[in-house]
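# Structural overview for review
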Amino acid sequence: MTHVLHCHHYLTLYTQLAEDCAFLDGKKLLREVSEDAFFHILSDYYRKQGIATIADRVLIGEQYYAFSGLGQLKVACAGAGGGEVELLTSHLDAGWIRKFGKRDQAVNYVTCGYVTALFAAVFGLKPRSFSANEVASIVAGAERSRFEVVAN
Amino acid sequence: MSINRKKVIENLSKIDIGGNQEGLIPAFGVFVNQLPAVLWNSFAERLTRQVGLDLTEAAEFLLVNAAHECGYHTGYGIITSEEWNAVIAPMVEQVPEDILHGAFAVLTAWGWAKCEIAELVPGERMVVRAYDYYEADIVSYGAASKPAAYMLQGISAAFMDLAYGGPYDVTGQKGMRTFRTVQTKGIECGHEYGEFVVTKS
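Chain B appears in an unreviewed UniProt entry as 4-vinyl reductase 4VR domain-containing protein from Paludibaculum fermentans.

Looking at an unreviewed UniProt entry, chain A carries the name 4-vinyl reductase 4VR domain-containing protein, with the source organism given as Paludibaculum fermentans.

Right, here's the structure in full:
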C-alpha cells in the first residue's frame with residue numbers, strides 16, 4: 001500500500017471541496033473513501049500479523065492514526081453496538097484553524113471514516129457496519145473532538 | 001543545470017519524516033500527513049465520475065486548485081527548509097532555474113512522482129514529464145479517456161508561481177495562479193509517461 005506525504009492545505013481543501021460540492025453529497029463521499037481505504041489497511045494488517053484481541057487491534061488503530069500524522073486518537077470505549085472516540089489533537093482541525101480560522105461546524109469527515117473503518121476492522125465486520133458522528137470539535141473551540149459511534 | 005538529481009534523491013530519501021508525541025508532523029512550515037494514495041485517488045475518481053459530464057470540468061478544476069495551493073505553500077516551505085539548505089542549496093548556481101530542477105527532484109524523492117523538467121523557457125513555459133506517479137494507479141486495466149493527474153497539474157503550476165510569480169505571499173493572493181497547467185499525456189490514458197505543459201495564466 002502506497003502512502004504519500006501531503007500537507008494540511010491539501011487535506012483542508014479536499015475537505016472544503018467535499019463540503020461545497022453541490023453536485024453530490026461530498027461529505028458522505030469523503031467519509032466513505034476514508035473508510036474504504038483505512039478498513040482494508042487495518043484488516044489486512046490484523047490478519048497478516050495475527051492481531052486477534054480487541055485491545056491490541058484498538059491500540060494499533062490509534063498508533064496508525066498517529067503515524068499518519070492525523071493526530072492523537074483515543075478509543076474511550078468500543079463494542080459491537082458502538083462506542084466513543086476522542087481526538088486529543090487533530091491534523092485537520094489544526095490545519096483548518098491555521099488556514100481558515102475557527103467555525104461552528106465540525107469538519108473531520110476523514111476521521112469519521114477512519115473511526116468507522118477501525119470499528120469494523122476491530123470486530124471483523126464489513127465497511128458501513130458503523131456510523132460516526134462528530135459531536136464535539138476542536139475546530140469549533142472544544143478542547144477535544146469527540147465522535148459517537150453506532151452500529152447500523 | 002547544476003543540480004545532481006541522483007544525489008538529491010538519494011539524500012532526501014533518507015530523511016525520516018516522523019510524527020511527534022501528539023501524532024502531528026510539523027515540517028516545512030506546514031502540518032504534513034502521510035495517507036494512503038488510494039484515499040486521494042478514490043476521492044478524485046469517484047467525484048469526477050459521479051458528478052456528470054457537464055460538471056466534470058468544474059470538479060477537476062477544484063481538485064487541481066487544492067494541489068496548486070498545497071504546492072505553493074509546501075513548495076515554499078521545502079525550498080526554505082534546513083533539509084533543502086543542506087542538500088540542494090549548495091548545488092544551486094542559476095536562480096530560479098536550478099531551484100525548479102531541485103524541487104522536481106524532491107517530488108521524486110518523496111514518492112509523489114518520478115518526474116523531471118523536459119523543457120524550460122524561463123518565466124514563460126515549462127514541460128514536465130512523469131514516468132511513474134501514484135495518480136496513475138486509478139487504472140489497473142486498459143486506458144482512461146481523460147487524464148487524471150490533478151495533483152501533478154497543480155504542483156507544476158505552483159512551482160512555476162514560486163519561480164517566476166514574484167515574492168512568496170503567505171496569503172496566496174499575490175503570486176499564486178500566475179501559471180496554469182494542461183496535462184497532455186497520462187500513464188492512466190495508456191501513454192508511456194505523463195506530460196504537463198505549464199504556461200502563463
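Tallying secondary structure elements over chain B gives six helices and six strands in all. Secondary structure of chain B in N-to-C order comes out as α-β-β-α-α-α-α-β-β-α-β-β. Relative to the 2.2 N^0.38 estimate, which gives 17 Å for 201 residues, the radius of gyration of chain B is 17 Å and therefore close to what a compact globule would have. Viewed in the frame of its principal axes, chain B has a C-alpha envelope of about 50 × 45 × 35 Å. Relative to its full complement of 201 residues, chain B shows a buried share of 55%. By sequence separation, contacts in chain B at least 24 residues apart represent 61% of the contacts at least 6 residues apart. Charge separation in chain B, taken as the distance between the mean sites of 15 positive and 24 negative side-chain charges, equals 3 Å.

Remark: the centre distance and the inter-plane angle together describe each pair of aromatic rings, the angle taken between the planes. Taken as a whole and assessed by the stated rule, the structure comprises 19 aromatic pairs over all chains. Taken together, a centroid distance of 5.3 Å and an interplanar angle of 45° make the contact between Tyr14(A) and Phe43(B) tilted. With Tyr14(A) in helix H1 (residues 8-20) and Phe43(B) in helix H2 (residues 37-50), this residue pair bridges two chains. Of the two residues, Tyr14(A) and Phe43(B), neither departs from the other in class, the shared state being buried. Taking 4.8 Å as the distance between ring centres and 65° as the angle between the ring planes, the aromatic pair formed by Trp96(A) and Phe100(A) counts as edge-to-face. Remark: Phe100(A) and Trp96(A) occur in helix H4 (residues 91-100); sequence separation between them is four residues, near one turn of the helix. Each residue in the set Phe38(A), Tyr64(A), Tyr65(A), Phe67(A) and Tyr114(A) is aromatic and connected to the rest through ring pairs, giving one cluster. Lying over the aromatic face of Phe31(B), Arg98(A) brings its terminal NZ or CZ to 4.5 Å of the ring centre.

Attention now goes to the UniProt feature "transmembrane region" (unreviewed entry) in chain A. The residues that UniProt annotates with the feature "transmembrane region" (unreviewed entry) are residues 106-125 of chain A. Along residues 106-125 of chain A the backbone is 70% helical and 0% strand, and the end-to-end C-alpha distance reaches 27 Å.

Over its 14 residues, H2(B) extends 20 Å from the first C-alpha to the last, a length consistent with the 20 Å expected when each residue adds 1.5 Å. Across the 14 residues that make up H2(B), a large majority, 10, are buried. Residues Ala37(B), Leu39(B), Trp40(B), Asn41(B), Ser42(B), Phe43(B), Ala44(B), Glu45(B), Leu47(B) and Thr48(B) constitute the buried set of H2(B). Structurally, H2(B) contributes buried residues whose contacts are with strand E1 (3-7), H1 and helix H2 (26-49) of chain A together with strand E2 (30-36), helix H3 (53-79) and helix H6 (150-164) of chain B. Backbone geometry just downstream of H2(B) places Gly52(B) in the positive-phi region, at approximately 100°.

Our next topic: the interface of chain A and chain B. Listed by partner, the interface residues are 44 residues for chain A and 42 residues for chain B. The largest per-residue losses of area from chain A upon contact with chain B belong to Leu5(A), His6(A) and Phe23(A), which jointly make up 19% of the total buried on that side. The interface formed by chain A and chain B contains two salt bridges. Put simply, chain A and chain B have 14 residue pairs in polar contact (both at pLDDT 80 or more) between them. Across five bridges, the pairing between E1(A) and E2(B) is antiparallel.

What follows is about the sheet that holds strand E1 (residues 25-27) of chain B. By definition, the strands of a sheet pair up through backbone hydrogen bonds, in either a parallel or an antiparallel sense. Here we have three strands laid out as an open sheet, ordered E1(A)-E2(B)-E1(B), and antiparallel in their pairing. Of all strands in the sheet, those bounded by a partner on one side alone are E1 of chain A together with E1 of chain B. When strand polarity is set aside, the average angle formed by the axes of neighbouring strands in this sheet is 40°. Two strands pair when backbone bridges link them, and E1(B) and E2(B) are joined in this way by three bridges, in the antiparallel orientation. Of the residues in E2(B), the one forming a bridge with Pro26(B) is Phe31(B).

Analysis parameters
Residues numbered from 1 in each chain as written. Chains lettered and ligands numbered in written order. Predicted model: local features only at pLDDT ≥ 70, side-chain atom pairs only at ≥ 80, totals over all residues. Heavy atoms only, no water. Helix = DSSP H or I, 4+ residues; strand = E, 2+ residues; numbered from the N terminus. Rg over C-alpha atoms; globule rule 2.2 N^0.38 Å. Buried < 20%, exposed > 50% of the residue type's maximum accessible area, 1.4 Å probe, protein only. Contact = heavy atoms within 4.5 Å. Lys, Arg positive; Asp, Glu negative; His and termini not counted. Charge placed at Lys NZ, Arg CZ, Asp CG, Glu CD. Phe/Tyr/Trp six-rings, centres within 6.5 Å; stacked < 30°, edge-to-face > 60°. Lys NZ or Arg CZ within 6 Å of the ring centre and 35° of its normal. UniProt positions renumbered as here; feature names shortened; annotations may be inferred. Expected span 1.5 Å × (residues − 1). Buried area = accessible area lost by both parts, 1.4 Å probe. Salt bridge = Lys/Arg side-chain N within 4 Å of Asp/Glu carboxyl O. Polar contact = N/O pair within 3.5 Å; in protein donor to acceptor, adjacent residues only side chain to side chain. Pairing = 2+ DSSP bridges. Axes fitted to C-alpha atoms, helices over the stretch in contact; angles between N-to-C directions.

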